[in-house]
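# A look at the structure
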Amino acid sequence: MSTNIIASTATKARPLTAAEISEIEHEMELYPDKQAVGLEALKIVQKHQGWVSDESMLAISKFLDIPVADLESVATFFNLVYRQPVGKNVILFCNSVSCWIMGCDGLRSHINDQLGVDFGDTTEDEAFTFIPVPCLGDCDRAPVMMVGDDLHRNLTEEKIDQIVADYRNKE
Amino acid sequence: MVNKPLTKNIDMSRPPLDIAAFEAADGYQSVKAIAAGLSPADVLQLVKDSGLKGRGGAGFPTGLKWSFVPQGDNAPKQKYFVVNADEMEPGTFKDRLLMEGDPHLLLEGMIVGSYTIQASVAYIFLRGEYKASENALKQAISEAYEKGYLGKNILGTGFNLDIILHTSAGRYICGEETALLNALEGKRANPRAKPPFPQVSGLWGKPTIVNNVETVCNLPGILTYGVDWYHGLTKGNDHGTKLFGISGRVKTPGCWELPLGITIREIIEEYGGGMRDGYELRAFLPGGGSTDFMLPEHLDLPFDYDEVAKVGSRLATGTMILLDDKTCPVGMIGNLMKFFAHESCGFCTPCRDGLPWVDEIFNEFESGRGTEKDLQILHEHVDYLGPGRTFCALAPGATAPLGSGLKIFAEDFERHIKEQRCPYKH
């Protein structure tokens, strides 16, 4: 995966939406301090916006009164928080040991051939972002991957072609 | 007589039992037993007597862990009970089954654990990718509140408990209990120094117990059916049943609840259906990616904590990863090293810098450029990254398959060097 240095150039927060604010406020009831809500807020914003932009970071920072640096240290740590735009569907591809034994490397190459993307890349039409993920905990049905919230098991090249076609047709 | 207390309600071909069906299957009986007069000290004694050991990997006695939580008038009033549902150990897929298959059992266990240490708030720290578990737990939590098993004054006991489902955002290190607490507090998930242990100073500085999902799911049965029944479940020296799993090239990979002490051969042959045609068992990791390799000569050992420890490995999560004779052991270990290098939190130097170095060397072996010097560096790292050298158990965990693999597969490493290629690639 390529290492991208995040250069924050935003100077202005974007306004949080009413839906985002209401969900963040709900989380504030569940934790004794605002810092604990920071990661929740990042996830909420990502759910609505697809990713967490610099403008969103500033907005959360202002709303929760948490320094941007603190938020950034969390945002860049957790692999399911996206600090760069991602495609419409994120493929979380398990490349841990059981999937490796069952041949996931070949499937990675297949996706690379078919979609023109390797780990960290988004397809040109922005339909898919392809990223590796630690063991998805479904090892008896390896190889596995997630697309969005859906888990796909016992993968083969043919199955992957079908899955990709299905998501494309959904659009 | 119930002999599979963890999975008796699980049938993955249908949705999990709702609260009414769960109650009809002896569900929430342990909470009723508490309401009928069991004190926290009574429950603690039962759990100690049961001999239950933590099912997350370390195998620490659960009752003993709980007993470190300060009690009495001088103890902090706020305490927390946290379930570690951040299942991410490579090759481990047991907690998913419990949460997707029978979410109420976990909640019932959480009420028991929280009551024992007198925690009024309990968190489930669930990995973000487990969407089906999240949905099942959300539904179950709302049903449990409706029925009065959660909330204020549960079943007239005067005990209050709120359960909060926290979905995380990745990173293997969150499974380490102090890193988990930092993540729950909204911080970067670096592990904390111990002592103080979380039992004394954990979440937001308050006494906190962190238990694995499977551990917690053992609790309802111990209260409902009794300690004698629990002791009768096992075939070995450790008590209770355990979820055992197999992944790799067997005919029917899967996860099953079986008595501790069953032989490894029986699990692989009876339940896993044996190796697929054309494949032979070469070696296996007994309990996830952080355990030492075991060999076919160990197949007739009873699978429990002590017996596995005697041959230098760990039962850990009990989910075995099988290496067959057609798969490169150097490649398999290399895959694990890549995982650990990627998942190092970066806090301490040996782990942050050592694991990527090890990973790079495996890349060299993979591409046929490995040398004797490289091999020597790998051997050195087994020590440099071993127990006592690092801040937490992540890197020492990595040295388990590395150190044992270097010994067992010495010939394979040598062949990579001599032939300047991976001999398993055609």
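Calculation notes
- Residues numbered from 1 in each chain as written.
- Chains lettered and ligands numbered in written order.
- Predicted model: local features only at pLDDT ≥ 70, side-chain atom pairs only at ≥ 80, totals over all residues.
- Domains from an automatic or database assignment.
- Contact = placed C-beta atoms within 7 Å.
- Nonpolar A, V, L, I, M, F, W, Y, C, P; charged D, E, K, R; others polar.
- Helix = DSSP H or I, 4+ residues; strand = E, 2+ residues; numbered from the N terminus.
- Axes fitted to C-alpha atoms, helices over the stretch in contact; angles between N-to-C directions.
- Parallel < 35°, antiparallel > 145°, perpendicular 65-115°, else oblique.
- Pairing = 2+ DSSP bridges.
- Left-handed = near helix turned anticlockwise from the far one by under 90°.
- Core = buried A, V, L, I, M, F, W, Y, C linked by C-beta atoms within 7 Å.
- Buried ≥ 20, exposed ≤ 12 C-beta atoms within 10 Å, placed from the backbone.

### What about the domain arrangement of chain B?
Residues and elements named next belong to chain B. Under the domain assignment, chain B is made up of domain 1 (19-231), domain 2 (241-324) and domain 3 (329-419). Relative placement of domain 2 and domain 3: their C-alpha centres are 23 Å apart. Counting residues at the interface gives 10 residues for domain 2 and 11 residues for domain 3. Across the side of domain 2 that touches domain 3, the residue classes break down as five nonpolar, three polar and two charged.

### Looking at the interface of chain A and chain B
Taken together, the contact pairs 32 residues of chain A with 38 residues of chain B. When contributions to the side of chain A that touches chain B are tallied by element, the ones reaching two or more residues are α2 (35-49), α4 (68-75) and α5 (97-101) of chain A. Per-element accounting of the side of chain A that touches chain B gives the leading share, six residues, to α2 of chain A. Of the residues in the side of chain A that touches chain B, the class split is 21 nonpolar, seven polar and four charged.

### Considering the packing of helix α3 (residues 40-50) of chain B against helix α9 (residues 213-225) of chain B
Residues and elements named next belong to chain B. It is at 10 Å that the axes of α3 and α9 come closest, and there the two elements cross at 105°. Relative to α9, the element α3 is oriented roughly perpendicular. For the pair α3 and α9, contact is made by V43, L46, V47 and S50 and by L219, I222 and L223, respectively.

### What to know about the sheet that holds strand β7 (residues 281-285) of chain B
Two orientations exist for strands paired in a sheet by backbone hydrogen bonds: parallel and antiparallel. All names here are of chain B. Ordered in space as β6-β5-β8-β7, the four strands form an open sheet in which the pairing is mixed. Strands with a single pairing partner mark the edges of an open sheet, and in this sheet they are β6 (254-259) and β7. On average, each strand axis in the sheet is inclined to that of its neighbour by 30°, with strand direction left out of account. Bridging between strand β5 (residues 241-247) and β6 involves six bridges; their strand directions are antiparallel. Bridge assignment links L243 to a residue of β6, and that residue is E257.

### Description of the environment of S313 of chain B
Positionally, S313 of chain B belongs in the loop between α12 (305-310) and β8 (319-324). It is 9.1 Å that separates the C-alpha atoms of S313 of chain B and S404 of chain B, two residues lying 91 residues apart in sequence.

### With respect to the packing of helix α6 (residues 104-115) of chain A against helix α7 (residues 157-170) of chain A
Residues and elements named next belong to chain A. For the pair α6 and α7, interaxial distance at closest approach is 10 Å and the crossing angle is 40°. Here α6 lies oblique to α7, going by the angle between them. In the crossing of α6 with α7, the sense of the turn from one axis to the other is right-handed. Counted together, L107, H110, I111, Q114 and L115 of α6 and E157, I160, D161 and V164 of α7 form the full contact between these two elements.

### Structural notes on the sheet that holds strand β4 (residues 145-147) of chain A
One open sheet holds the five strands; their spatial order is β2-β3-β1-β4-β5 (chain A), and the pairing between them is mixed. Each having just a single partner strand, β2 (121-122) and β5 (150-152) of chain A make up the two edges of the open sheet.

### A short note on the nonpolar core
Membership of the largest hydrophobic core comes to 172 residues, with the highest contact counts inside it found for V82, L106, A122 and M337 of chain B. For M337 of chain B, the contacting residues outside a window of four places in its chain are L355, V358, D359, F362, A398 and L402 of chain B.

### With respect to the pairing of strand β3 (residues 128-133) of chain A
All names here are of chain A. Within β3, five of the six residues are buried, leaving the element largely enclosed by the surrounding structure. Across six bridges, strand β1 (residues 89-94) lies against β3 in parallel orientation. Note on β3: the bridge partner recorded for L92 is I131. Across two bridges, β2 lies against β3 in antiparallel orientation. By the bridge assignment for β3, T122 is matched with T129. Counting the residues in the hairpin turn of β2 and β3 gives five residues, including E126, whose phi is positive at 60°.

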